[in-house]
Amino acid sequence: MSSVTKLRCEYKKNPIGIDIQKPRISWHIHSESRAWLQAAYQLQISIDSDWENPLMDSGRVNSSQSVHVEIGGIELASRLRYDYRVRVWSEQDEETEWSETAYWEMGLLETGEWLADWISPPLGTFPLESEVCPLIRRAFQVDRKVKSARIYATGLGLYELYVNGRRAGDCYLTPGWTSYNHQLQYQTYDVTDLMTIGPNAIGAILGNGWYKGSLTGAHKRNVYGDRAAFLMQLHIRYEADDEEVIIATDTSWKARESAIRMSSIYDGETYDARLEIADWCDGRYDDESWFAVETPTHSKNILTAQLNEPVRITDELLPIKLLSTPSGETVLDMGQNMVGWIRFTIKGQPGQEVMLQHAEVLDHEGNFYTDNLRNAKQTIQYTLRGGKAETFEPHFTFQGFRYVKLIGFGEPIRLEDFTGVVLHSDMERTGEFRCSDPLINQLQHNILWGQKGNFLDVPTDCPQRDERLGWTGDAQMFIRTAAHLMNVAPFFTKWLRDLAAEQREDGGVPFVIPHVLKETSHSSAAWGDAAVICPWVLYQCYGDKRILEQQYESMKAWVEYIRRQGENEYLWNTGFHFGDWLGLDSKPDSYVGATDRELIATAFYAHSTSLLAKTAHILGKTEDSERYEALRNRIRDAFQHEYVTPNGRLAVPTQTAHVLALMFHLVEDAAKERTAGKLVELLQETGFHLTTGFVGTPYLNLVLSENGHSNAAYKLLLQTDYPSWLYQVTKGATTIWEHWDGIKQDGSFWSIHMNSFNHYAYGAIGEWLYRYVAGIDVDEDAPGYKHFHIRPQPHEALAWAEASLESMYGAIHAKWQRSDENGMHMTVVIPPNTTASLLLPGAEYAKVRENGVPLAQSTGIRDIRQSEQGVCLIAGSGKYRFTF
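In what follows, the accompanying structure is described. Not measured: the values here are computed from a predicted model. (Residues numbered from 1 in each chain as written. Predicted model: local features only at pLDDT ≥ 70, side-chain atom pairs only at ≥ 80, totals over all residues. Heavy atoms only, no water.)

### Considerations on the overall build of the protein
Link 1 in the chain: Secondary structure assignment for the protein yields 14 helices and 45 strands.
Link 2 in the chain: Computed over C-alpha atoms, the radius of gyration of the protein comes to 28 Å, within 12% of the 29 Å expected from 2.2 N^0.38 for 884 residues, which places it in the range of a compact globule.
Link 3 in the chain: Here the C-alpha coordinates of the protein stretch approximately 85 × 75 × 60 Å along the principal axes.
Link 4 in the chain: Within the span of the protein, comprising 884 residues, buried residues form 63% of the whole.
Link 5 in the chain: A sequence separation of at least 24 residues applies to 74% of the contacts in the protein between residues at least 6 apart.
Link 6 in the chain: Entry remark: accessible area of the protein is about 32,700 Å², with carbon and sulfur atoms responsible for 45%. (Helix = DSSP H or I, 4+ residues; strand = E, 2+ residues; numbered from the N terminus. Rg over C-alpha atoms; globule rule 2.2 N^0.38 Å. Buried < 20%, exposed > 50% of the residue type's maximum accessible area, 1.4 Å probe, protein only. Contact = heavy atoms within 4.5 Å. Areas by Shrake-Rupley, 256 points an atom, 1.4 Å probe, with all protein chains shown as cover.)

This is the structure:
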């Protein structure tokens, strides 16, 4: 019996407070039948699950679509909850039961519905330069039983929301970091269970955050504004008569100082527990001595509902040991380079001060090391209230660390009094990879934790030093790997909306999004190309056509920006470029690799133009599609004229130059074969060690495998000496490093200026692990894994490898394993309503068995053929076990 499961609205389970006027519904199908394909669906929408009188009934729709089914034909109302359910029919006309009921709830759809005023603490009491975090509150009465209560809230800066002394929701660092001049997300809270009959109170703590706190290595303050503010309205609906009451921020609110004396993204937090105010958010608390708030003017037109997943606590780690360093420091080892903070419990005297400092590594002597943090203090200072045990964790900061130096704690120190609280955008975990080599498994672990540490509301480059910015280049290099490990569609949809908002009028793209660097910091090749590459990858991985529609003008503006540079519209040979950043073939004292920057720029120009042409075709923009396809071909021709000799030799003899020419299909036929062969020669010259930087590394193994040189790709992966991915592992890394030799072979460090030990870009090797080692890959013509490929390329160094992916259609799994008889076992899981093209590598058709029977007798399989690579076939949904 088949059934409809995992209903989602805009990727989310039962979301509340969305403002998408035409939300999309997706679902999975559970079936034990092989080759199950949907032939039709029926979708109903109702209010209060009144299925006898649905608001919308699609009737039977003959369609195989089960992902991103757009709701149309009804006008959605603000703050209303809509229930929905789905049933489907298979191609064999099997009909499922109705799914369980799911829902979504709209937020505030019109600016005019915001009745609240922006409020701020009074300037006379809270100077603009003050580091103290204020409290704000208001009391109100509830005189009868509440049917529902919703809060819509946001802030300029950060806020924590409380109702009747209890924290509302489980989100942190709200409202997050957006391009504040263009958009500001608000959050929706269901606080029905927090309401009580009688006196009530609502309050918030405000922090500086990204809005007015210190940002960038220059420690710029007040980048977006110089005054923290709060905006909120509470809608209470009573059960008996359905009457609604609104409590909103206005001049009736009060403010005063909190015990948070300083809070900074980079520097940490200072807290004096002696200044805590008991029951400050209780309805019976007397706030007569508090100060009246002020109502500064600020736009509400920029308000938008939360689109991405909020930051939440996703893990909690216990320290693995307490260290006493050679210099006498007391240090906790968390066993993992993590991002978040420490929650600790302590008992001591009133006024006793303790301090926690955070670092990623110890130096070669085993001492606490913070030089690579530059000017970020990453310090928590806490003054005890005294008497009984007290527990503390920060509010408006986060640290990147593995080691924590404890100062002032006294003896004895108990490990159980400290917990590492891991924070990141709470994206659904979707993918895994494992194999027979424990070093590669640790590498995969490091890739995952690099993503956890740097996907904190924006895709930061690093989470520890005084930077933590949304570098565009890092994001586009890693996005395909990220999309395997987690559902990053809402995360990047929000970030790309910021990118489009920050894009210059001439189409140029800032180096970082949100844009907080100098105005001249924009439009490097491979960095600005995030405007095109990221939407395309989301479309490929999630089948999300809307992201292409949303970003199309931004994508087009970027390509047009490049086209207008210089005198030759088919070469990009002007402007500043980062080049092959941190390439190991760079000149002494240079961060830029040896590959010609203009070659890199032109190669990415061709790539983005190609993707734009494909996007235009998908969106039905035929004229644009033809124009940009022709432009791409002229760029390719210009590239070949400039950089390829008549005999097919690439004029720039670096690994990265050859990688880009192959990856972006800029060489053809004999020149392509020669370029691939030359790349292998270049690797041989270095003993199969890479010299690539940020630009070449993500594609290096991909192009080797794509061009028949998987053995060379495996040799690169399996190296354990410098430079290699596994070198970091042998040095104890638990995340990906910024530099191949962040810690040198003698234990010294690469640099104090730019040496992050949690920098995810080189983790892009994960894409190759999933696509070529395990073999799971998308089909460009059937995006979102509607049809996909499983084409592993095994190697003798591995006894087995496997990967899984929770796609929009359900779980995909692929595993290959060598048998004792020099054969191979291969297990594949294909979700219902999809098909897959499979390659059984090295197999002979007559010898293949599927669950013990010849292929010709196996159900669900069709289009079987023998090739030089093995047996190729197309299979429908189900679990298959092959031996060959």
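### Some details on the pattern of salt bridges
Link 1 in the chain: Overall, the coordinates contain 63 salt bridges when judged by the stated rule.
Link 2 in the chain: As a salt-bridge pair, E316 and R343 come within 3.0 Å of each other at their nearest N and O atoms. Taken together, the residues E316 in strand 22 (residues 311-317) and R343 in strand 24 (residues 330-346) connect sequence positions 27 residues apart.
Link 3 in the chain: Given the relative accessible area of 47%, E316 is considered partly exposed. (Salt bridge = Lys/Arg side-chain N within 4 Å of Asp/Glu carboxyl O.)

### What to know about the environment of P15
Link 1 in the chain: Along the polypeptide, P15 turns up in the loop between strand 1 (3-9) and strand 2 (16-18).
Link 2 in the chain: The exposure class of P15 is buried, given its relative accessible area of 7%.
Link 3 in the chain: Among all residues touching P15, those that are not within four sequence positions of it are C9, Y103, W104 and E105.

### Comments concerning the packing of aromatic side chains
Link 1 in the chain: Here the structure, examined in full by the defined rule, presents 59 aromatic pairs.
Link 2 in the chain: Measuring from ring centre to ring centre gives 6.0 Å for F511 and F576, while their planes differ by 50°; the resulting arrangement is tilted. Taken together, the residues F511 in the loop between helix 4 (489-502) and helix 5 (530-542) and F576 in the loop between helix 6 (545-563) and helix 7 (597-618) connect sequence positions 65 residues apart.
Link 3 in the chain: With relative accessibility at 44%, the residue F576 sits in the partly exposed group.
Link 4 in the chain: When the ring of W527 is compared with that of F578, the centres are 4.8 Å apart and the planes differ by 40°; the resulting orientation is tilted. Of this pair, W527 sits in the loop between helix 4 and helix 5 while F578 sits in the loop between helix 6 and helix 7, and the two are 51 residues apart along the sequence. (Phe/Tyr/Trp six-rings, centres within 6.5 Å; stacked < 30°, edge-to-face > 60°.)

### Remarks on the pairing of strand 37 (residues 800-807)
Link 1 in the chain: The element strand 37 is extensively covered by neighbouring structure, given that six of its eight residues are classed as buried.
Link 2 in the chain: Relative to strand 37, strand 32 (residues 431-435) is paired through five bridges, and the arrangement is antiparallel. By the bridge assignment, G431 is partnered in strand 37 with L805.
Link 3 in the chain: As judged from the eight bridges shared by strand 37 and strand 38 (residues 810-818), these two strands associate in the antiparallel manner. When the bridges of strand 38 are listed, S807 appears paired with G810. (Pairing = 2+ DSSP bridges.)

### A look at the sheet that holds strand 7 (residues 81-90)
Link 1 in the chain: The sheet built from five strands is open, its strands ordered 2-8-7-4-5 with mixed pairing. Strands at the two margins of the open sheet, each flanked by one partner only, are strand 2 and strand 5 (56-57).
Link 2 in the chain: Of the strand pairs in this sheet, strand 7 and strand 8 (residues 102-106) are connected by four bridges, and their pairing is antiparallel. Within the sheet, the bridge partner assigned to Y84 lies in strand 8 and is A102.

### Describing the nonpolar core
Most often, soluble globular proteins have nonpolar side chains that are buried together.
Link 1 in the chain: Within the largest apolar cluster, 223 residues are counted, with the highest numbers of intra-cluster contacts made by W210, F344, F433, V488, W495, W768 and F882.
Link 2 in the chain: For W495, the contacting residues outside a window of four places in its chain are V458, P459, G470, T472, A475, I513, A530 and C534.
Link 3 in the chain: Grouped together as the second largest cluster of nonpolar side chains are 28 residues, V146, A168, V191 and L234 included. (Core = buried A, V, L, I, M, F, W, Y, C linked by side-chain atoms within 4.5 Å.)

### Topic: helix 6
Link 1 in the chain: With 19 residues, helix 6 extends 26 Å from end C-alpha to end C-alpha; this agrees with the ideal 27 Å at 1.5 Å per step.
Link 2 in the chain: The sharpest bend along helix 6 reaches about 55° and sits at Q551.
Link 3 in the chain: Within helix 6 the residues assigned to the buried category are I547, L548, Q551, Y552, S554, M555, K556, W558, V559, E560, Y561 and I562.
Link 4 in the chain: On its buried face, helix 6 sits against helix 4, helix 5, helix 7 and helix 8 (622-643).
Link 5 in the chain: One side-chain oxygen of the residue at the start of helix 6 lies 3.1 Å from the amide nitrogen of R546, identifying that residue as D544. (Expected span 1.5 Å × (residues − 1). Bend = angle between axes of the 7 residues up to and from the residue. Polar contact = N/O pair within 3.5 Å; in protein donor to acceptor, adjacent residues only side chain to side chain.)

### Side note on the packing of helix 4 against helix 6
Link 1 in the chain: The geometry of helix 4 relative to helix 6 is characterised by a closest axis approach of 9 Å and an angle of 20° between their N-to-C directions. One element, helix 4, and the other, helix 6, form an angle in the roughly parallel class. The two elements helix 4 and helix 6 cross, and the hand of that crossing is left-handed. Note on element contacts: helix 6 touches helix 4 through I547, Q550, Q551 and S554, opposite T493, L496, R497, L499 and A500.
Link 2 in the chain: Of the residues assigned to the contact of helix 4 with helix 6, the class counts are four nonpolar, four polar and one charged. (Axes fitted to C-alpha atoms, helices over the stretch in contact; angles between N-to-C directions. Parallel < 35°, antiparallel > 145°, perpendicular 65-115°, else oblique. Left-handed = near helix turned anticlockwise from the far one by under 90°. Nonpolar A, V, L, I, M, F, W, Y, C, P; charged D, E, K, R; others polar.)

### Remarks on the sheet that holds strand 16 (residues 244-248)
Link 1 in the chain: The strand order across the open sheet formed by five strands is 16-15-10-13-21, and the pairing between neighbours is mixed. Strands with a single pairing partner mark the edges of an open sheet, and in this sheet they are strand 16 and strand 21 (303-305). Sheet twist, expressed as the average angle between the axes of neighbouring strands with direction ignored, equals 25°.
Link 2 in the chain: Judged from the three bridges that link them, strand 13 (residues 184-190) and strand 21 form a sheet pairing that is parallel. Paired with L184 across the strands is L303, a residue of strand 21.

### Brief notes about the side chain of N454
Link 1 in the chain: Within the secondary structure layout, N454 lies in helix 2 (residues 438-454).
Link 2 in the chain: Setting aside anything within four residues of it in sequence, one finds N454 in contact with P459, T460, D461, C462, P463, N758, H759 and Y760.

### Re the packing of helix 11 (residues 697-706) against helix 14 (residues 765-774)
The geometry of a pair of packed helices is captured by two quantities: the angle between their axes and the separation between those axes.
Link 1 in the chain: Interhelical geometry of helix 11 versus helix 14 gives an angle of 30° and a closest axis separation of 7 Å. When the axes of helix 11 and helix 14 are compared, the pair comes out roughly parallel. Of the residues in helix 14, those in contact with N701, L702, S705 and E706 of helix 11 are I765, E767, W768, R771 and Y772.
Link 2 in the chain: Its residues assigned to classes, the contact of helix 11 with helix 14 comprises four nonpolar, two polar and three charged.

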